[in-house]
Amino acid sequence: MLRKFMRNHDTTDIVMWLIGFGLLAAVVYGSYVTLSSGKYAPSVWLDFFIFGLAQGSVYALIALGYTLVYGILFMINFAHGEVFTGGVFTAYFVAIALEKAGFIEKNWVLSLLILMAVAMTVSVIVAVLLERIAYRPLRGAPRLVPLITAIGASFFLQYTYRGIYGSGVKTYPDFPALDGKLHAFGREWPILTTQALVIVVAAIMMVFLYWYVQKTKAGKAMRAVAEDKEAAALMGIDVDRVIVNTFALGGAMAGVAGILYALLFKQVNAFMGFIPGIKAFTAAVLGGIGNVPGAMLGGLFLGIFESLGPSLFLDGLGIPSPYQLKDAIAFTMLVLVLIFRPTGILGERLSEKKA
Amino acid sequence: MDKELKFTWKDILKYGAIGGIVSLYVILVGMVEAFDERYIIAETINLGQVTLFVPMFVLAYFAANNARKIKSTAFAIIASALVGLISGAFVAALLVLGTHYNLRSVFLNVSPGLLEILHLGRESMMAAILANLVIGTVVGLAAGLFALVPHRWSNALLTGLAFVLLMGIMQELMSITFGSKDWYKPIGEFIYAKKGLSWGGTALFLVLGILLSLWRSSPSLHPGKKVAKMPRKQRVTVQLVAWALGLIILLALPRILGSYPSEILTTVGIYIIMGLGLNIVVGFAGLLDLGYVAFFAIGAYTVGILTTTGKLATLGWNFWMALPVAIFLAMMAGVLLGIPVLKMRGDYLAIVTLGFGEIIRVLVLSDWLKPYIGGAQGILQIPKPRIGSYVFKGPEQIYYLVLAGILIVGYVAWRLRDARVGRAWKAMREDEDVAEAMGIHLVSTKLMAFATGAAFAGLAGAIFAAKLGSIFPHSFNLIVSINVLSLIIVGGIGSLPGVVVGALILVGMPELLREFADFRMLFYGALLVAMMLVKPEGFVPEKTRQRELHEEPLEPEIAPDTPAQAEI
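Given the structure is predicted, the values throughout are model-derived calculations rather than measurements. The numbering scheme is per chain: residues are counted from 1 as the chain's sequence reads. Note on labels: chains are lettered from A, ligands numbered from 1, in written order. Owing to the predicted nature of the model, reporting of local features is limited to residues with pLDDT of at least 70; listing and counting of side-chain atom pairs is limited to 80 or more, with chain, interface and lining totals taken over all residues.

1. Comments concerning the overall build of chain B
Part 1 of the reasoning: Only DSSP runs of H or I reaching four residues or more are called helices, and only runs of E reaching two or more are called strands; each is numbered from the N terminus. Within chain B, the secondary structure is distributed over 26 helices and four strands.
Part 2 of the reasoning: Both definitions apply: the radius of gyration is a C-alpha atom measure, and the globule rule equals 2.2 Å times residues to the power 0.38. Relative to its length of 568 residues, chain B is compact, with a C-alpha radius of gyration of 27 Å against a globular reference of 24 Å.
Part 3 of the reasoning: Projected onto its principal axes, the C-alpha coordinates of chain B cover approximately 75 × 65 × 60 Å.
Part 4 of the reasoning: Partly exposed residues are those whose C-beta has more than 12 but fewer than 20 other C-beta atoms within 10 Å; with 20 or more the residue is buried, with 12 or fewer it is exposed, and the C-beta atoms are placed from the backbone. Taking all 568 residues of chain B together, 46% fall into the buried category.
Part 5 of the reasoning: Looking at chain B alone, contacts between residues at least 24 apart form 75% of all its contacts between residues at least 6 apart. Once C-beta atoms are placed from the backbone, any two residues with those atoms within 7 Å are in contact.

2. Brief notes about the overall build of chain A
Part 1 of the reasoning: Per the secondary structure count, chain A includes 14 helices and four strands.
Part 2 of the reasoning: Compactness check: chain A gives a C-alpha radius of gyration of 21 Å against a globular reference of 20 Å for 355 residues, within 12% of the reference.
Part 3 of the reasoning: Structurally, chain A occupies a C-alpha span of about 75 × 65 × 40 Å along its principal axes.
Part 4 of the reasoning: Considering chain A as a whole, with its 355 residues, one finds that 48% of them fall into the buried category.

3. Observations concerning the interface of chain A and chain B
Part 1 of the reasoning: Facing 44 residues of chain A, the contacting portion of chain B comprises 43 residues.
Part 2 of the reasoning: Elements supplying a minimum of two residues to the side of chain A that touches chain B: helix H2 (11–37), helix H7 (144–165), helix H10 (229–234) and helix H14 (326–340) of chain A.
Part 3 of the reasoning: It is H7(A) that provides the largest number of residues to the side of chain A that touches chain B, a total of 15 residues.
Part 4 of the reasoning: Think of it as three bins: nonpolar holds Ala, Val, Leu, Ile, Met, Phe, Trp, Tyr, Cys and Pro, charged holds Asp, Glu, Lys and Arg, and polar takes everything else, Gly as well. Here the side of chain A that touches chain B is composed, by residue class, of 31 nonpolar, nine polar and four charged.

4. Quick notes on the domain arrangement of chain B
Residues and elements named next belong to chain B.
Part 1 of the reasoning: Domain parsing of chain B yields domain 1 (9–217) and domain 2 (248–541).
Part 2 of the reasoning: Listed per partner, the contact involves 11 residues of domain 1 and 10 residues of domain 2.
Part 3 of the reasoning: Those elements that provide at least two residues to the side of domain 1 that touches domain 2 are helix H2 (31–34) and helix H8 (171–180).
Part 4 of the reasoning: Ranked by residue count, the leading element in the side of domain 1 that touches domain 2 is H8, at four residues.
Part 5 of the reasoning: When its residues are assigned to classes, the side of domain 1 that touches domain 2 shows eight nonpolar, two polar and one charged. Domain extents, as shown, originate in an automatic or database domain assignment.

5. A word on the pairing of strand E2 (residues 181–184) of chain A
Successive residues of a regular strand alternate their side chains across the two faces of the sheet.
Residues and elements named next belong to chain A.
Part 1 of the reasoning: Strand pairing requires that DSSP identify at least two bridges connecting the strands. Relative to strand E3 (residues 187–192), E2 runs antiparallel, the two sharing three bridges. Paired with Lys181 across the two strands is Leu192, which belongs to E3.
Part 2 of the reasoning: Between E2 and E3, which follow one another and run antiparallel, lie two residues, and Phe185 among them has a positive phi close to 50°.

6. Digging into the packing of helix H3 (residues 42–73) of chain A against helix H12 (residues 274–286) of chain A
Residues and elements named next belong to chain A.
Part 1 of the reasoning: Note on definitions: angles span 0 to 180 degrees between N-to-C directions of axes, and those axes are lines fitted to C-alpha atoms, for helices only across the stretch in contact. Orientation of H3 relative to H12, taken along the N-to-C sense of each, is 70°, at an axis distance of 8 Å. As summarised for this structure, H3 and H12 are arranged roughly perpendicular, according to the angle between their axes. Listed contacts from H12 to Tyr59, Ala60, Ile62, Ala63, Tyr66 and Thr67 of H3 are Pro276, Gly277, Lys279, Ala280, Phe281, Ala283 and Ala284.
Part 2 of the reasoning: Tallied by class, the residues present in the contact of H3 with H12 amount to 10 nonpolar, two polar and one charged. Any angle between 65 and 115 degrees counts as roughly perpendicular, while under 35 counts as roughly parallel, over 145 as roughly antiparallel, and the rest as oblique.

7. Some details on the environment of Gly394(B)
Residues and elements named next belong to chain B.
Part 1 of the reasoning: Its place among the elements puts Gly394 in the loop between strand E4 (390–391) and helix H18 (395–418).
Part 2 of the reasoning: Look at Gly394 and you get partly exposed, because 15 C-beta atoms sit within 10 Å.
Part 3 of the reasoning: Gly394 sits 74 residues away from Leu468 along the chain, and the two C-alpha atoms are 9.4 Å apart.

8. Comments concerning the confidence of the model for chain A
Predicted coordinates in regions of low pLDDT should not be interpreted in detail.
Part 1 of the reasoning: Each residue carries a pLDDT score, the predictor's confidence in it, ranging from 0 to 100. Summarising the model, chain A shows a mean pLDDT of 84, and 95% of its residues fall at 70 or more.
Part 2 of the reasoning: Every residue in residues 349–355 of chain A scores below 50 in pLDDT, and together they form seven contacts with partners more than four places removed in sequence or on other chains.

9. Details of helix H7 (residues 151–169) of chain B
Part 1 of the reasoning: Expected span of a helix: the number of residues minus one, times 1.5 Å. If you check H7(B), its first and last C-alpha atoms are 27 Å apart, about what 19 residues at 1.5 Å a residue would give, namely 27 Å.
Part 2 of the reasoning: Taken together, the buried positions of H7(B) are occupied by Ala156(B), Thr159(B), Gly160(B), Phe163(B), Val164(B), Met167(B), Gly168(B) and Ile169(B).

10. Observations regarding the environment of Tyr66(A)
Residue and element names in this part refer to chain A.
Part 1 of the reasoning: Topologically, Tyr66 is positioned in helix H3.
Part 2 of the reasoning: Taking the number of C-beta atoms within 10 Å as the measure of exposure, Tyr66 has 27 and is therefore buried.
Part 3 of the reasoning: Between the C-alpha atoms of Tyr66 and Val44, which are 22 residues apart in sequence, the distance is 33 Å.
Part 4 of the reasoning: Apart from the residues within four sequence positions on either side, Tyr66 is in contact with Ile76, Asn77, His80, Ala280, Phe281, Ala284 and Ile289.

11. So, the confidence of the model for chain B
Residue and element names in this part refer to chain B.
Part 1 of the reasoning: In the predicted model, chain B carries a mean pLDDT of 81, and the fraction of residues at 70 or more is 92%.
Part 2 of the reasoning: Taken element by element, chain B is modelled with least confidence in helix H26 (residues 564–567), mean pLDDT 37, and with most confidence in helix H21 (residues 442–468), mean pLDDT 90.
Part 3 of the reasoning: Across the assembled chains, the prediction reports ipTM 0.83 with pTM 0.86.

12. Quick look at helix H3 (residues 47–70) of chain B
Part 1 of the reasoning: For H3(B), spanning 24 residues, the distance from its first C-alpha to its last is 35 Å, which sits close to the expected 34 Å at 1.5 Å a residue.
Part 2 of the reasoning: Take the seven residues that end at a residue and the seven that start at it, fit an axis to each, and the angle between those axes is the bend at that residue. The sharpest bend along H3(B) reaches about 30° and sits at Phe53(B), with the proline Pro55(B) one to four residues further on.

13. With respect to the nonpolar core
Part 1 of the reasoning: Each nonpolar core comprises buried Ala, Val, Leu, Ile, Met, Phe, Trp, Tyr and Cys residues, the members being joined through C-beta atoms within 7 Å. Counting residues in hydrophobic clusters, the biggest one holds 281 residues, and the most contacted among them are Ala60(A), Leu61(A), Val256(A), Phe296(B), Val303(B) and Ala330(B).
Part 2 of the reasoning: When residues are assigned to domains, this core turns out to be shared by domain 1 (9–217) and domain 2 (248–541) of chain B, each giving three or more.

14. Here we look at unusual backbone geometry
All names here are of chain A.
Part 1 of the reasoning: For Phe74, which is not glycine, the phi torsion reads 55° and is therefore positive.
Part 2 of the reasoning: Its place among the elements puts Phe74 in the loop between H3 and helix H4 (80–100).
Part 3 of the reasoning: Residue class for Phe74 comes out partly exposed when judged on the 17 C-beta atoms lying within 10 Å of it.
Part 4 of the reasoning: One non-glycine residue with positive phi stands out, namely Lys266, at about 70°.

15. A look at the packing of H2(A) against helix H13 (residues 292–314) of chain A
Residues and elements named next belong to chain A.
Part 1 of the reasoning: Interhelical geometry of H2 versus H13 gives an angle of 80° and a closest axis separation of 6 Å. As the angle between them shows, H2 and H13 are arranged roughly perpendicular. Contacts between H2 and H13 involve Val27, Gly30, Ser31 and Thr34 from the first element and Ser311, Leu312, Phe313 and Leu314 from the second.
Part 2 of the reasoning: Among the residues forming the contact of H2 with H13, the class breakdown is four nonpolar, four polar and no charged.

16. A closer look at the environment of Tyr172(A)
Residues and elements named next belong to chain A.
Part 1 of the reasoning: Summarising the element assignment, Tyr172 is placed in the loop between strand E1 (170–171) and E2.
Part 2 of the reasoning: Sequence spacing of Tyr172 and Ala127 is 45 residues, and the spatial spacing of their C-alpha atoms is 23 Å.
Part 3 of the reasoning: When sequence neighbours within four positions are dropped, the list of residues in contact with Tyr172 reads Tyr92, Ala95, Ala262, Lys266, Gln267 and Val268.

Structure follows, in structure tokens:
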């Protein structure tokens with residue numbers, strides 16, 4: 001039996017599996033040590049979990065942009081993290097103006113809606129310009145060419161924001177109405193109000209997107225183009241327009257994600273989009289890139305894993321200050337998923353060859 | 001894909017608006033003000049103005065060129081002038097808005113200093129607006145006239161202007177060099193004014209550039225072709241003399257230029273070594289590696305840990321003992337990274353390597369590994385390499401180390417390119433499946449590419465550690481990988497001379513222009529996009545790649561049968 005196994009798998013496969021099992025064993029062992037030591041109370045785990053859920057829903061919204069574009073063009077829009085930054089960073093100035101006018105205290109719901117509208121608009125503009133200027137002329141070029149372009153665009157946008165808006169870290173104004181734990185239905189819930197809001201808004205946006213892609217005519221056109229561009233064009237679908245639509249939709253999601261991110265973390269700067277961008281890409285791959293519900297699940301999973309991970313297994317392995325390694329967890333996950341299951345957890349949407 | 005050729009008044013508006021928006025972008029991003037003090041010509045024209053007016057000029061030039069194809073020459077000139085005028089109006093509008101409203105709370109760069117620059121030396125607002133419009137029109141008009149000049153001459157003119165720009169930018173640096181030795185002081189005084197070139201220097205370099213360009217473009221005088229026509233024996237002699245001359249100049253450079261330029265040259269040299277390595281991975285084998293900086297870091301850290309006499313002192317080896325270990329470890333890391341990504345292609349590979357690079361960066365910065373590699377404080381007190389009593393202490397000495405590195409690595413890369421493995425890499429780059437079917441062993445070929453590239457980066461890292469004497473994790477971030485990638489793309493993917501040219505442009509220039517440092521990555525990003533859109537084969541293209549990307553249709557009669565591609 002071993003011989004048969006060896007025949008079907010070459011040495012590099014086996015090495016990879018060994019590394020994979022090693023990591024898995026480390027995670028299990030670390031978690032076991034932490035849990036059995038009882039270092040963290042159950043309520044702390046719940047806090048971690050909810051925080052993970054909130055940041056995961058932000059990742060999920062960004063991931064939708066990657067997945068939509070990949071589904072249609074088979075390209076990684078590397079600059080999508082900067083689409084996200086553009087919206088939230090521009091909305092910052094509106095937020096400051098609203099705060100000065102005392103409007104945030106007077107009507108926080110409307111303020112939030114205004115901020116979202118601004119962020120969505122700017123993100124959509126950035127995404128559409130990106131498509132028009134940088135990607136459209138390269139459609140049909142060898143695959144590395146648009147990727148290099150996207151990397152260039154990503155850095156160009158980062159340093160454009162830095163040049164125009166300044167390099168410092170800016171603090172978003174506070175929403176006094178959202179301070180503290182959530183009070184609803186006559187009792188206090190073990191969740192911060194901002195986190196609850198972030199999760200709810202993200203859920204609404206995801207349901208909207210799912211409805212848009214599945215039920216509307218524009219969504220149908222999008223799916224048709226993703227399936228087969230030539231055939232879609234023959235059916236009278238304006239492919240260019242569908243692609244612009246897709247970028248705009250991804251941009252809108254990134255704009256909302258930006259405001260939610262600002263609610264959670266309170267800070268913006270010109271380079272803030274890069275790391276969430278890569279993590280969201282991880283989430284998109286995790287769920288099966290090109291697959292809309294997959295991106296949502298992937299985002300939530302990654303958010304929770306990243307939030308629980310450092311205290312769950314890194315602590316158990318005896319690594320000092322495990323929170324410094326939070327980003328390493330996400331990146332390791334990215335590498336492992338791409339190596340072991342590039343089609344993602346849900347996805348058999350596209351094979352390696354087709355992609 | 002051919003658009004119908006037309007050029008109407010609406011197009012003029014469009015070109016003008018684009019020119020204006022790009023000019024506004026350049027202003028808002030802060031370039032105009034930052035470059036304001038960098039004079040090119042005799043305290044009259046500075047780099048800020050150049051960056052402001054170049055977009056207008058380019059757009060007006062395009063407008064004139066397009067208009068000329070459809071309508072009369074006169075119309076073309078009017079069109080270009082109008083484009084300039086509209087662009088100028090955008091700048092004037094910013095001036096008015098910036099004076100009356102406080103734009104600074106959002107756009108950081110709309111400072112009083114900037115508004116003063118936009119006043120163009122006029123006192124009153126009306127005069128300033130008028131001046132902007134007039135200058136816009138003049139720039140547009142100049143572009144229109146330029147579009148009418150025959151191609152060969154306009155090329156020559158551009159080369160001349162580029163010469164002037166380059167020499168003007170280098171004023172500060174060259175003045176130090178010229179000031180250092182008595183016998184060439186007068187030359188410096190003739191060429192340069194207090195700030196920027198003197199008028200005499202400007203004329204000199206303009207004419208020099210024009211002549212050089214004409215000489216190269218003339219079919220009978222082109223140096224390369226002339227040599228190629230010589231009999232074999234003579235040709236070999238000429239080439240040998242040229243090589244020897246080049247080598248002598250390279251050896252003498254630090255003595256001629258002095259300390260600061262040598263410092264720049266060593267930095268450029270380290271990037272050339274890395275570029276040659278990444279060129280093997282990306283250029284020859286077609287594997288886009290965004291985590292390349294990891295091998296550079298491994299080389300640097302190996303030398304650092306093995307040789308340091310500071311807090312983290314371990315073995316206290318000398319540089320020459322640590323060097324092979326550094327290269328070997330980098331190479332092993334290359335193989336280790338190569339194994340998991342063997343089955344990946346294209347963009348997934350890029351993202352995974354990026355992930356690896358980031359993981360290594362996070363690990364290096366963490367408290368976990370701090371006792372071994374110093375965390376954020378890095379490794380200090382790395383001794384300088386020495387041979388006998390000769391110590392490579394300053395940039396003028398390290399230069400020779402770098403030069404030796406480049407020559408060795410360049411030779412290896414050059415020999416590998418046409419060797420069996422080099423041809424295998426290229427075959428793999430074109431099509432993995434076909435290459436495998438032709439009997440190429442993909443696993444070993446890929447690993448060989450990763451290992452060679454990583455070894456070069458390890459060497460570069462080792463020299464880097466020796467040069468600085470201390471290393472910190474923030475010297476090894478993603479930006480380095482992007483820099484190296486940019487320079488090989490600008491030079492020409494897969495092209496060896498391209499790496500040198502790319503490194504000189506992308507690494508050398510920012511060192512010369514210190515105000516430029518803030519815009520370095522902006523420029524790189526824009527350059528990556530622009531190169532991919534306009535000149536994907538780079539400035540010094542590899543021959544086969546150029547043929548590939550600019551393929552002449554071999555059999556035009558087949559074309560009508562395959563229209564499917566053109567639809568989308």
